[in-house]
Amino acid sequence: MPESAAPSFPSEPQPAPRLDETAYDRRRLRQWLAGDARADGVSRRQLLTLLAATAAATALPAPRAAHAADAPIVKPLPPEWFIQRGTNAETRWEALRGTGHHTPNELFFVRNHTATPVLDAHEWRLRLWGSGLRGAHGEDRPVEFGYDDLRALPAVTRTAFVECAGNGRSYYTSQQGETVTGTAWTLGAVGVARWRGVRLGDVLRKAGLTSHAVDVQPRGLDAEYISDGENLGRVRRPLPLAKALDDVLLAYEMNGEPLPYDHGYPVRVLVPSWVGIASIKWVGDIEVSAQPLFSPWNTTFYRLFGPGHPQEGSAPLTRQTVKSAFELASGARFPVGEDQVLHGRSWSGAGAVARVDVSTDGGASWRPARLHDRPRAGTWTRWSVPWRPDTSGATHVLARATDTAGRSQPDVAAPNTQGYFFDAVVRHPVTVV
Ligand SMILES: Nc1nc2c(c(=O)[nH]1)N[C@H]1C(S)=C(S)[C@@H](COP(=O)(O)O)O[C@H]1N2
Ligand SMILES: [Mo]
């Protein structure tokens, strides 16, 4: 999404009669986003900033339809922060150096099956329906909540990572020689934010949850997903009721700001410690079912297939594995004989990371890293190690985390056809000059 991508058209449509400048300005910005307005001499970034400000600050009615942006991702993606991968954007780990425990919203990775829809919070409704609710709440007769209804419920805040199940996928190929399908992420499909919202459990109970309910299935308002020519419908994935009632949020804030468009505005599901696909963005409805549910996202996708796994695939993926990353570019260069401090972060879906060992000699010797966070479940622990490289040449730095559940990163990750759950120690190339 280069800056020059701001669309311009030869004939500008005449603006509608202007009743209210604020409302009109917001509509104009949306039209621009949809490629229907000119923006000569104004930077894309400036317009996006305006757009975010009006979305956060105004409560005026706007057209119901979601306008698909002219690019799959709305926010700026400067190449020093992101690696663009199709409809997705991977955070560069070197850009996280010095950013604090929480990933700034502007730096947070984006995983979109299609494109970010630009929704209006005050037109938005959350619809709950299904056989697990009291009363006859079919899809045509849902229980509805508006944005203000959710905002009026007790709010909770929690720090949690969102990580794609395919994070680290490219290392199956580069480190293990395996062929896998899917986005070739390195380690930047993860971020930590402070999420604020309401408990999904509170909303389910208000909607009339019965003791017969077993699964809930949130569904996004983004476009239907076409895979290999087949329309799989809108992104949706069943969540067992036990998890839904445990620690799941319907989040409307990220790091103290309204959710950015790309991260689910106005409301997303946030499922702590689980694979990112569980955290449905732009949630529009939730089926509450007395029967178990299936979707492509817990059958075809997000199970482990291939030799070493059951024919029908593993159980659906839930908690994330253990991983570590250096806040360092691949191939970073260091002067010989000078004192360095290497920084990184480690995280796990099964518990806190309370121990990290680092090697600066390609895995020959290891020493414990100093931890910079009190280890907490559901988020990462930052760490550092001093290093004085004494011989020039190419080498690898490695980090191995151990979580409080006793899981440690292996040398080799269990291969699977779709390249999920790469948890092995990554050999990070560096050069001493
Ligand atoms: N509606 C919807 N929700 C979605 C997705 C999507 O494409 N559409 N992608 C999922 C996947 S695979 C991941 S990893 C996370 C990424 O969240 P982020 O883009 O906020 O980082 O969102 C999940 N929720
Ligand atoms: Mo994902």
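Residues numbered from 1 in each chain as written. Chains lettered and ligands numbered in written order. Predicted model: local features only at pLDDT ≥ 70, side-chain atom pairs only at ≥ 80, totals over all residues. Heavy atoms only, no water.

For the protein, the name recorded in an unreviewed UniProt entry is Sulfite oxidase, with Streptomyces endophyticus as its organism. Heading Cofactor (unreviewed entry) of the UniProt record for the protein holds this comment: "Mo-molybdopterin". (UniProt positions renumbered as here; feature names shortened; annotations may be inferred.)

**Student:** How do you make sense of the overall build of the protein when you look at a structure like this?
**Tutor:** Counting its regular elements, the protein contains six helices and 25 strands. Partitioning the intrachain contacts of the protein with sequence separation of at least 6 by distance along the chain shows that 73% fall at a separation of at least 24. Accessible surface for the protein amounts to roughly 18,400 Å². Of this, 52% is attributable to carbon and sulfur atoms. (Helix = DSSP H or I, 4+ residues; strand = E, 2+ residues; numbered from the N terminus. Contact = heavy atoms within 4.5 Å. Areas by Shrake-Rupley, 256 points an atom, 1.4 Å probe, with all protein chains shown as cover.)

**Student:** Would you mind going over the site of ligand 1 with me for this structure?
**Tutor:** Taken together, the neighbourhood of ligand 1 is formed by 20 residues, with Phe109, His113, Asp222, Arg268 and Lys281 sitting nearest. Arg111 places a main-chain nitrogen or oxygen 3.0 Å from an oxygen atom of ligand 1. Between ligand 1 and Asp222, the relevant distance is 2.6 Å, taken from a nitrogen atom to a side-chain nitrogen or oxygen of the residue. Across the complex, the protein chains shield 100% of the 530 Å² of accessible surface that ligand 1 would expose by itself. (Near = heavy atom within 4 Å. Polar contact = N/O pair within 3.5 Å; in protein donor to acceptor, adjacent residues only side chain to side chain.)

**Student:** Which parts of the structure should I look at to understand the sheet that holds strand β17 (residues 323–326)?
**Tutor:** Within a beta sheet, neighbouring strands are joined by backbone hydrogen bonds and run either parallel or antiparallel to one another. One open sheet holds the four strands; their spatial order is β17-β19-β23-β22, and the pairing between them is antiparallel. Edge positions in the sheet fall to β17 and β22 (370–371), since each of these pairs with one other strand and no more. Note that β22 and strand β23 (residues 381–387) share two bridges and pair antiparallel. Residue pairing across strands places Leu371 opposite Trp383, the latter belonging to β23. (Pairing = 2+ DSSP bridges.)

**Student:** So what exactly am I meant to see when it comes to the nonpolar core here?
**Tutor:** Across soluble globular proteins, you tend to see nonpolar side chains buried next to one another. Membership of the largest hydrophobic core comes to 65 residues, with the highest contact counts inside it found for Leu128, Trp195 and Leu250. Of the residues forming this core, the biggest block, five residues, is contributed by strand β13 (residues 249–254). Those residues in contact with Leu128, other than ones at most four positions away along the chain, are Leu133, Pro142, Val143, Phe145, Val203, Leu204, Ala207, Ile286 and Val288. (Core = buried A, V, L, I, M, F, W, Y, C linked by side-chain atoms within 4.5 Å. Buried < 20%, exposed > 50% of the residue type's maximum accessible area, 1.4 Å probe, protein only.)

**Student:** Sorry if this is basic, but what is going on with the side chain of His113 here?
**Tutor:** You can see His113 is positioned in the loop between β3 (88–91) and β4 (117–118). Within the local environment of His113, its side chain forms a polar contact with the side chain of Arg111, the two groups lying 3.4 Å apart. Among the polar contacts made by the side chain of His113, one reaches the side chain of Trp297 at a distance of 3.1 Å. Residue contacts for His113: discarding those within four places in its chain leaves Thr87, Tyr225, Val235, Ile277, Trp297 and Tyr302.

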